[in-house]
Structure formats: C-alpha cells, structure tokens
Amino acid sequence: MSTTTAPARVAKLSAVSIRDRKGKDKLSALTAYDVVFARLADASGVDIVLVGDSLGMMVQGHANTLPVTLNDVVYHTRAVARGVQRAHLVADLPFMSYQASIEDGVRAAGRLLQEGGAEAVKLEGGVEVADLVHKLTSFGIPVMGHVGMTPQSVHQFGGFRVQGRQEESHKRIVEGALAVAQAGAYSVVVESVPEALGAELSQTLAIPTIGIGAGAACDGQILVMHDVLGLDPHWKPRFARAYAQLGLAAQDAFAAFVRDVKSGTFPGPEETFS
C-alpha cells in the first residue's frame with residue numbers, strides 16, 4: 001500500500017465565491033499578462049487575476065486601450081490561465097468586441113472562455129450594456145461590470161479623467177452600476193470616481209465593488225501589476241501604490257550584465273560547460 005501523501009487540493013475561487021464575499025472580506029485583484037507573473041500573483045494569495053485590455057498600454061506600448069484586439073486578449077489569457085491555480089481568472093472584452101451587437105458580445109465572451117481559459121469576462125458600461133450582461137449570464141458566462149472612468153471611452157471623456165464629480169455623471173454611474181448588477185453581474189469595477197461615490201455604490205449594490213481610484217470603502221481593490229511593482233520608474237498614477245521598484249532594479253541588473261560581458265567576467269567557470 002502506497003504511503004505517498006496526495007498533494008492538497010487548491011480551493012479555486014469562482015464568480016460565486018467572489019460574489020459571496022460581499023460584506024465579509026475585502027477582495028484583492030491584480031492584472032497579469034503572462035504565465036510568470038500570473039504564477040507569482042496566484043502564489044501571493046490574490047483573489048482575482050484580470051487579463052486587462054490595459055495590456056495595450058503596459059505590454060504593447062499604446063497610448064490607450066483602444067488598439068487591443070480580441071485575439072490579443074485571447075492570447076494573453078491563454079498564457080495567464082496556465083499560471084493560475086487558485087485565483088479567479090477574468091478577461092477583458094476589448095473595444096468593439098461587444099459594442100456593435102449582443103451577438104458580437106456573446107461570441108467574443110465565448111472565445112475568452114473557450115479558447116483563453118477565462119472564468120469570467122469584464123465589460124465596460126452601464127445601462128447600455130445591461131441587455132448583453134443579461135444574455136451572457138443566461139448562457140452561463142459570469143460577467144464583471146466596469147463603471148466610472150471606463151478607458152474605452154477615453155476620447156468621449158477627453159482623457160483619463162475622474163468621473164462622477166458632476167450631478168449628471170454621478171447619476172449616470174449609479175444608474176449604470178445598478179443596471180449591470182440587476183442584469184446579473186457578480187461584481188463591478190469602479191474606476192476613478194470621488195471617494196463618496198465609491199462608498200455610495202458599495203452601500204447600494206448587492207454585489208462587490210472593486211475599486212481603482214474609488215476610495216477605501218469599496219469591497220475590494222484592483223491595481224495594474226506594473227504599478228504595484230514599480231516597473232516603470234517614470235509612471236506613477238495618483239490612485240496606485242508601488243510596493244517595489246523593480247524597474248530600477250531590472251535596469252541595474254541589465255547594466256551589471258553589460259559590464260560583466262564587456263569586462264570578460266561573464267560567463268565564468270560556473271556558467272561554462274567542460
């Protein structure tokens with residue numbers, strides 16, 4: 001009889017368990033775009049890993065998220081899925097993958113789950129996407145909403161600006177969040193709004209709010225991986241906190257490598273085959 005102990009099973013977080021955390025425990029979420037950082041995020045105990053269309057800015061070097069295609073997100077989600085064992089994996093529906101029709105949105109979301117390995121999709125908007133949220137959830141596709149500063153509307157907003165300071169936009173955001181929640185979303189990202197509006201949404205909605213620049217009253221917080229790690233020494237969003245300065249550390253490491261190559265000290269005996 002074998003005495004080998006079976007490895008402990010990892011409790012996988014799901015849309016249901018995320019939704020049920022409302023009012024019980026703060027949620028943490030990070031973006032990831034490849035398998036290495038997905039593994040590191042997952043091992044850290046983070047609750048949600050998002051393959052965000054922010055990859056357009058963080059990975060591809062664009063000025064905004066609009067150039068990101070559905071194929072891009074499928075590709076990166078497939079890579080991230082290989083590194084996530086415990087965290088709940090969400091993928092963004094990119095610009096124009098769902099706005100033209102409900103049918104487009106259903107097909108795009110299906111690809112993210114079927115080809116990418118995502119466990120839920122995130123989409124931006126309020127009242128105008130409620131019918132799509134309802135259709136997706138009726139087909140068994142969990143949906144995370146996104147209100148406030150929605151990056152795919154950057155041109156309409158005139159840039160990456162705080163939303164909800166005026167009465168009209170405040171009302172629009174609240175109505176939009178309620179609409180996607182009532183349509184079946186299990187959580188909603190609230191981005192770049194005044195602290196009081198973030199608190200109001202968190203108190204009003206029966207589903208978790210996940211803030212990014214929306215104050216501490218939200219049910220959880222999400223940040224872009226690059227901002228948390230300080231990978232770009234020249235970029236520091238107001239709402240982010242850098243927990244490391246890996247950009248400077250990487251630059252120092254690369255410079256040390258260059259010096260060792262030029263001096264002939266790399267490779268040494270320990271890096272050389274006999």
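Rules behind the numbers
Residues numbered from 1 in each chain as written. Predicted model: local features only at pLDDT ≥ 70, side-chain atom pairs only at ≥ 80, totals over all residues. Heavy atoms only, no water. Helix = DSSP H or I, 4+ residues; strand = E, 2+ residues; numbered from the N terminus. Rg over C-alpha atoms; globule rule 2.2 N^0.38 Å. Contact = heavy atoms within 4.5 Å. Areas by Shrake-Rupley, 256 points an atom, 1.4 Å probe, with all protein chains shown as cover. Buried < 20%, exposed > 50% of the residue type's maximum accessible area, 1.4 Å probe, protein only. Right-handed = clockwise from strand over helix to strand, strands pointing away. Pairing = 2+ DSSP bridges. Core = buried A, V, L, I, M, F, W, Y, C linked by side-chain atoms within 4.5 Å. 1 Å grid on protein atoms, 1.4 Å probe; cavity = no way out; pocket = protein on both sides within 12 Å on 5 of 7 lines; lining within 4 Å. Points joined across faces, edges and corners; volume = space filled by probe spheres on them. Nonpolar A, V, L, I, M, F, W, Y, C, P; charged D, E, K, R; others polar. Axes fitted to C-alpha atoms, helices over the stretch in contact; angles between N-to-C directions. Parallel < 35°, antiparallel > 145°, perpendicular 65-115°, else oblique. Left-handed = near helix turned anticlockwise from the far one by under 90°. Salt bridge = Lys/Arg side-chain N within 4 Å of Asp/Glu carboxyl O.

Caption draft 1: Here's a closer look at the overall build of the chain. Within the chain, the regular secondary structure consists of 11 helices and 8 strands. Taken over C-alpha atoms, the radius of gyration comes to 20 Å for the chain, in line with the 19 Å a tight globule of 274 residues would show. For the chain, the C-alpha atoms occupy an extent of roughly 70 × 60 × 35 Å along the three principal directions. Considering only intrachain contacts with a sequence separation of at least 6, the fraction spanning at least 24 residues in the chain is 60%. Accessible surface, the chain: about 14,400 Å² in total, of which carbon and sulfur atoms supply 56%.

Caption draft 2: Layout of the pairing of strand β2 (residues 48-51). Burial along β2 is two-sided: the face carrying I48 and L50 and the face carrying V49 and V51 are both buried. Once the chain exits strand β1 (residues 27-31) it traverses helix α2 (residues 35-44) before rejoining the sheet at β2, and the crossover so formed is right-handed. Across 4 bridges, the pairing between β2 and strand β3 (residues 88-92) is parallel. Residue I48 lies in a different strand from β3, and its bridge partner there is H88.

Caption draft 3: Molecular detail of the nonpolar core. In this structure, V49, L112 and L123 are the most contacted members of the largest nonpolar core, which totals 52 residues. If we ignore the near neighbours within four places in the chain, the residues touching L123 are L93, Y98, V129, L132, V133, L136, V143, M144, G145 and H146. Grouped together as the second largest cluster of nonpolar side chains are 17 residues, A15, I18, L50 and I212 included.

Caption draft 4: Spatial organisation of the layout of surface pockets. Taken as a whole, the largest pocket encloses approximately 1,200 Å³ of empty space. Contributing to the lining of the largest pocket are 48 residues, with I212, G213, L223, F239 and A240 lying nearest its centre. Secondary-structure elements contributing two or more residues to the lining of the largest pocket are β1, α3 (55-58), β6 (187-191), β8 (220-223) and α10 (225-229). Looking at the lining of the largest pocket element by element, the count peaks at 5 residues for β1. For the second largest pocket, the calculated volume is near 480 Å³. Along the wall of the second largest pocket there are 25 residues; nearest its centre are E124, G125, G126, E128 and V129. Among the elements of the structure, α6 (130-138), β5 (143-148), α7 (154-157) and α8 (167-182) are those that each provide at least two residues to the lining of the second largest pocket. The dominant element in the lining of the second largest pocket, judged by the number of residues it contributes, is α8, at 4 residues. Here the lining of the second largest pocket is composed, by residue class, of 9 nonpolar, 11 polar and 5 charged.

Caption draft 5: Spatial organisation of the packing of helix α4 (residues 70-81) against helix α5 (residues 102-114). The contact between α4 and α5 brings their axes to 9 Å, and the two run at 20°. If you check the angle between α4 and α5, you find them roughly parallel. Judged by the twist between their axes, the crossing of α4 over α5 is right-handed. For the pair α4 and α5, contact is made by L70, N71, V73, V74 and T77 and by A108, R111 and L112, respectively.

Caption draft 6: Geometry of unusual backbone geometry. Between F266 and the following residue, P267, the backbone shows a cis peptide bond with an omega angle of 0°. As for its position among the elements, P267 is in the segment after α11 (246-263). For M96, which is not a glycine, the phi torsion comes out positive at approximately 70°. For M96, the position within the fold is in the loop between β3 and α5. Here M96 falls in the partly exposed class, since its relative accessible area comes to 45%.

Caption draft 7: Quick peek at the pattern of salt bridges. This model, assessed by the stated rule, comprises 9 salt bridges. For D20, the salt bridge goes to R19, with nearest N and O atoms at 3.5 Å. Overall, the relative accessible area of 36% leaves R19 in the partly exposed class. The shortest N-O distance in the salt bridge between R21 and D47 comes to 3.1 Å.

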